[in-house]
Amino acid sequence: MKYAFIETQRTQHPVRKMCRLLNVSAAGYYEWRCRLPSVRERSDGVMRNAIVRIHAASRKIYGRPRIHAALREEGARISPKRVHRLMKSANITGVSPRRFKKTTDSNHRLPIAPDRVSRAFNVAAVGGINRTWIGDITYVQTREGWLYLAVVLDLGSRRVVGWSMGKAIDTKLVVDAFLDAVGSRHPKPGLLFHSDRGSQYASSEYRALLDRHGVLQSMSRKGNCWDNAVAESFFGSLKSELGDPIWETREIARAKIFDYIAIWYNRLRTHSALGYLSPERYESQLPIAV
């Protein structure tokens, strides 16, 4: 405590005089002072604490790029290389998306729509929201059996605008997801809807549904998973960030997936394709007329 007091007063009074008055060794004070963290070390400590805080707030998901973007958003001047070094020293790692098994059943003779998207997935190229939607299906495992998830994403903001879950991978699953999206977004006629060649999307019921809403259908080319890469990327993130466990019941899995989509992914999780904004925040910055 005496050395700390001398440190605070060293610019006002001679060090040796204070040491003599406090009955401490000047050599001992200078040895203590040499052990103090440097300015760089103190700065690293502050940045490391901020990195730990951001990582915890991200549900321990964010890696270096998103943590770096969050720090810059807070006004910190820090390089990606330094963020990587401090993450390593704090034993922090991000979660990498996992590959997932396709559920597509394209072995059918139903009508196939042409690929009208042609991998034009760039957000700026889409030109706004409610212009191109994409749909896909995946599943999660529970001790009660599979739970299937169908989603509809807006390619213009990467936002999940509709989804449905059920015990069966049938046309009703994708119909319910589309109707959920229509109910929340109210798109104008002329919307483009892109999916894989799955029988659910090629069914007469689904094609009639799109026709009733003035939606133009688009489908991936046969056997080409990259043609629906945005949906696959979303499912990869969902699986890895939820930990891809075997849930005890379907209801537990439903609750976890709902929380992931509605609370985390749409509102809070930053997206590299959106300049490290969340889909909701990105949409809030778009012009009103879109």
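Residues numbered from 1 in each chain as written. Predicted model: local features only at pLDDT ≥ 70, side-chain atom pairs only at ≥ 80, totals over all residues. Heavy atoms only, no water.

This brings us to helix α4 (residues 39-57). With 19 residues, α4 should cover 27 Å at 1.5 Å per step; its first-to-last C-alpha distance of 27 Å lies within 8% of that length. When α4 is considered as a whole, its buried residues turn out to be D44, M47, A50, I51, I54 and H55. Down the axis of α4, the buried set is contained in an arc of 135 degrees. They therefore lie on one face. The exposed set on the far side of α4, more than 90 degrees from its buried face, consists of V46, N49 and A57. Looking at the packing, one finds that the buried side of α4 touches α5 (64-73) and α6 (80-89). Following α4 by one or two positions, R59 has its phi on the positive side, about 65 degrees. (Helix = DSSP H or I, 4+ residues; strand = E, 2+ residues; numbered from the N terminus. Expected span 1.5 Å × (residues − 1). Buried < 20%, exposed > 50% of the residue type's maximum accessible area, 1.4 Å probe, protein only. Arc of directions from axis to C-beta. Contact = heavy atoms within 4.5 Å.)

Turning our attention to helix α10 (residues 204-212). Along an α-helix, residues three or four positions apart point the same way, because every turn accommodates 3.6 residues. Considered for burial, the residues of α10 that qualify are Y206, L209 and L210. Down the axis of α10, the buried set is contained in an arc of 95 degrees. They therefore lie on one face. What points out from α10, more than 90 degrees from its buried face, is the exposed set S204, D211 and R212. On its buried face, α10 is in contact with α8 (171-185), β4 (192-195), α9 (199-202) and β5 (216-219).

What follows covers the side chain of D196. With respect to the secondary-structure elements, D196 resides in the loop between β4 and α9. Owing to a relative accessible area of 8%, D196 belongs among the buried residues under this scheme. Of the polar contacts made by the side chain of D196, one reaches the backbone nitrogen of G198; its length is 2.9 Å. (Polar contact = N/O pair within 3.5 Å; in protein donor to acceptor, adjacent residues only side chain to side chain.)

For the rest of this paragraph, the subject is the packing of α5 against α6. When two helices pack together, their arrangement is given by the angle between the helix axes and by the axis-to-axis distance. Contact geometry of α5 with α6 gives a least axis separation of 9 Å together with a crossing angle of 115 degrees. Classified by the interaxial angle, the pair formed by α5 and α6 is roughly perpendicular. Pair α5 / α6 crosses with right-handed handedness. Residue-level inspection shows R64, I67, H68 and L71 of α5 in contact with α6, the latter providing P80, V83, H84 and M87. Grouping the amino acids of the contact of α5 with α6 by side-chain chemistry returns five nonpolar, two polar and one charged. (Axes fitted to C-alpha atoms, helices over the stretch in contact; angles between N-to-C directions. Parallel < 35°, antiparallel > 145°, perpendicular 65-115°, else oblique. Left-handed = near helix turned anticlockwise from the far one by under 90°. Nonpolar A, V, L, I, M, F, W, Y, C, P; charged D, E, K, R; others polar.)

Inspection of the entire model under this criterion finds 16 aromatic pairs. Centroid distance Y139 to W146: 4.7 Å. Interplanar angle 70 degrees. Geometry classified as edge-to-face. Among the aromatic side chains, those forming a connected cluster through ring pairs are W133, F178, F193, Y201 and Y206. The side chain of K239 reaches across the aromatic face of Y139, ending 5.2 Å from its centre. (Phe/Tyr/Trp six-rings, centres within 6.5 Å; stacked < 30°, edge-to-face > 60°. Lys NZ or Arg CZ within 6 Å of the ring centre and 35° of its normal.)

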